[in-house]
Amino acid sequence: MADCLFCKIAAGEIPSRQVFADDRFYAFEDINPQAPTHFLIVPRKHIPTLDDLSRDDGALVGDLVLLASKLAREKGLAESGYRLNINCKEGAGQTVLHLHAHILGGREFRWPPG
Ligand code: AMP
Ligand code: ZN
C-alpha cells in the first residue's frame with residue numbers, strides 16, 4: 001500500500017535495523033524499544049489489523065507465529081521467556097495500521113498488561 005509506513009520499511013524505502021527477511025515477512029528492531037530485545041515482524045502483504053484477516057491468511061499467521069518463536073530462540077530468549085504481542089486497533093494501542101507482531105524479551109513482564 002502506497003502510504004503505509006511498514007510497507008515502506010519492508011520494501012527498504014525507509015531505513016530500519018533488519019532482523020530477518022524473506023519473500024513473505026520482514027522483521028526489524030523497534031525504534032522505541034520497550035525491553036532489551038524488542039523487534040517487530042510484519043507480513044509483506046498489507047493487512048491493516050487482525051480483524052482484516054481472511055481464512056486464506058491462516059497459513060500466513062501460523063508461519064508468522066512460528067517465525068516469532070524461531071527468531072526469539074535465535075536471540076537467546078528461549079530460556080528466560082519472551083512476549084509475543086499483537087495490538088488490534090486504537091483502543092489496544094495499535095498506532096501503525098499494518099499488522100505487526102511485537103517480540104519483547106530480556107526483562108520481567110507483568111500480567112495483566114497495563
Ligand atoms: P503498535 O503501537 O502496536 O502499532 O506498534 C507500532 C510500533 O512501531 C511501536 O512500538 C513503534 O515504536 C514502532 N515504530 C514506529 N515507527 C517505526 C520505525 N520507523 N522503525 C521501527 N519501529 C517503528
Ligand atoms: Zn502496509
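Let me begin by describing the structure that accompanies this report. Source: prediction; values computed, not measured. (Residues numbered from 1 in each chain as written. Chains lettered and ligands numbered in written order. Predicted model: local features only at pLDDT ≥ 70, side-chain atom pairs only at ≥ 80, totals over all residues. Heavy atoms only, no water.)

### Structural notes on the site of ligand 1
In the vicinity of ligand 1, 16 residues are found, and the nearest of them are D30, N87, G93, T95 and H102. Here an oxygen atom of ligand 1 sits 2.7 Å away from a polar atom, N or O, in the main chain of T95. In isolation ligand 1 exposes 500 Å². Once the protein is present, 83% of that is buried. Because more than half of its atoms lie within 2 Å of the grid, ligand 1 is assigned to the largest pocket. Elements with a minimum of two residues in the shell around ligand 1: α1 (5–10) and β2 (25–29). With three residues, the single largest contributor to the shell around ligand 1 is α1. Among the residues forming the shell around ligand 1, the class breakdown is seven nonpolar, seven polar and two charged. (Near = heavy atom within 4 Å. Polar contact = N/O pair within 3.5 Å; in protein donor to acceptor, adjacent residues only side chain to side chain. Areas by Shrake-Rupley, 256 points an atom, 1.4 Å probe, with all protein chains shown as cover. 1 Å grid on protein atoms, 1.4 Å probe; cavity = no way out; pocket = protein on both sides within 12 Å on 5 of 7 lines; lining within 4 Å. Sits in = over half its atoms within 2 Å of the grid points. Helix = DSSP H or I, 4+ residues; strand = E, 2+ residues; numbered from the N terminus. Nonpolar A, V, L, I, M, F, W, Y, C, P; charged D, E, K, R; others polar.)

Everything listed is a geometric property; what it means functionally is a separate question.
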